Amino acid sequence: VEELYVAGIPPPPAHDRAHPFDRDACAQLVDIARARASTADCIGWMCVFAGLLTADTETDFRLSADVHLREHWRWGVGPGGELVLPHYDSYGSLTGAKFRAPDGAKWSYPGSQYHALYGSWRRRVSRMVVLCEGETDAAWASLSGPSADVLALPSGAGRFLEVWGELEADVY
């Protein structure tokens, strides 16, 4: 898979593979993607590729949005322009990565597991929580919403674990 990624060829969807999760290889891939996201060719465009802003948005705002995505959500860009969205558990341990290609294709790193709310690795700063359906919704909310902790369902609205309802907050 790593050789495919470096060559710019997206791997097949995760359900087609039966591989254990290789945390070290995934972490290396995420680090490379985050470094690529800060290059001149990519900076200011990650937020556009994610559908969060338009190409017409003021350049300085797009640049600051990309820094936010890279630093707060740890997003990156793959060699084919695909977004790399790493997932961590509440302790900050990498548990997987999702990919979103410019043509709309979606896949996961082999063996990825999504058992924690997306963003749960981030330090809580508020008693107000915004719970979103997915990663891009969470990114948009954190860019444009009130100062609240933003989390997302890691597998969309179709899957909700009961333990996630135990999240402590004054306002949801």
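Above this note sits the structure.
Cut-offs applied
Residues numbered from 1 in each chain as written. Predicted model: local features only at pLDDT ≥ 70, side-chain atom pairs only at ≥ 80, totals over all residues. Heavy atoms only, no water. Helix = DSSP H or I, 4+ residues; strand = E, 2+ residues; numbered from the N terminus. Buried < 20%, exposed > 50% of the residue type's maximum accessible area, 1.4 Å probe, protein only. Contact = heavy atoms within 4.5 Å. Areas by Shrake-Rupley, 256 points an atom, 1.4 Å probe, with all protein chains shown as cover. Axes fitted to C-alpha atoms, helices over the stretch in contact; angles between N-to-C directions. Parallel < 35°, antiparallel > 145°, perpendicular 65-115°, else oblique. Left-handed = near helix turned anticlockwise from the far one by under 90°. Nonpolar A, V, L, I, M, F, W, Y, C, P; charged D, E, K, R; others polar. Pairing = 2+ DSSP bridges. Expected span 1.5 Å × (residues − 1).

1. Topic: the overall build of the chain
For step 1, the next point in the chain: Of the regular secondary structure elements, the chain holds five helices and six strands.
For step 2, the next point in the chain: Ordered by position in the sequence, the α and β elements of the chain form the string α-α-α-α-β-β-β-β-β-α-β.
For step 3, the next point in the chain: Across the 172 residues that make up the chain, the buried fraction comes to 44%.
For step 4, the next point in the chain: Long-range pairs, those at least 24 residues apart, make up 54% of the contacts in the chain with a sequence separation of at least 6.
For step 5, the next point in the chain: When the accessible surface of the chain is summed, it comes to about 9,000 Å², and 53% of that surface belongs to carbon and sulfur atoms.

2. Overview of the packing of helix 4 (residues 59-72) against helix 5 (residues 135-144)
For step 1, the next point in the chain: Between helix 4 and helix 5, the shortest axis-to-axis distance is 11 Å and the interhelical angle comes to 125 degrees. As judged from the angle between their axes, helix 4 and helix 5 are oblique. Where helix 4 crosses over helix 5, the handedness of that crossing is right-handed. Mapping the contact onto sequence places Ala65, His68 and Leu69 in helix 4 and Ala139, Ser142 and Leu143 in helix 5.
For step 2, the next point in the chain: Taken together, the residues of the contact of helix 4 with helix 5 break down into four nonpolar, two polar and no charged.

3. Quick notes on the sheet that holds strand 2 (residues 83-88)
The strands that make up a sheet pair up through hydrogen bonds in the backbone, lying either parallel or antiparallel.
For step 1, the next point in the chain: In space, the four strands of this open sheet follow the order 1-2-3-4, with antiparallel pairing throughout. Edge strands, defined here as strands with exactly one partner in the open sheet, are strand 1 (76-77) and strand 4 (106-108).
For step 2, the next point in the chain: Looking at chain direction, strand 1 and strand 2 are connected through two bridges and run antiparallel. Residue pairing across strands places valine 77 opposite leucine 83, the latter belonging to strand 2.
For step 3, the next point in the chain: Taken strand by strand, helix 2 (residues 23-37) contacts strand 1, strand 2 and strand 3 (94-100), and its axis lies near 50 degrees from that of strand 3.

4. Digging into the environment of cysteine 47
For step 1, the next point in the chain: Along the chain, cysteine 47 turns up in helix 3 (residues 46-49).
For step 2, the next point in the chain: Each C-alpha atom of the pair cysteine 47 and arginine 62 lies 6.7 Å from the other, and the pair is 15 residues apart in sequence.
For step 3, the next point in the chain: Aside from chain neighbours lying at most four places away, what touches cysteine 47 is Leu52, Leu53, Arg62, Ala65, Asp66 and Leu69.

5. A short note on helix 4
For step 1, the next point in the chain: Its 14 residues give helix 4 an end-to-end C-alpha distance of 20 Å, which sits within 8% of 20 Å, the value for a rise of 1.5 Å per residue.
For step 2, the next point in the chain: Packed against the buried residues of helix 4 are helix 2, helix 3 and helix 5.
For step 3, the next point in the chain: Arginine 74, located one to two residues past helix 4, shows a positive phi value of around 65 degrees.

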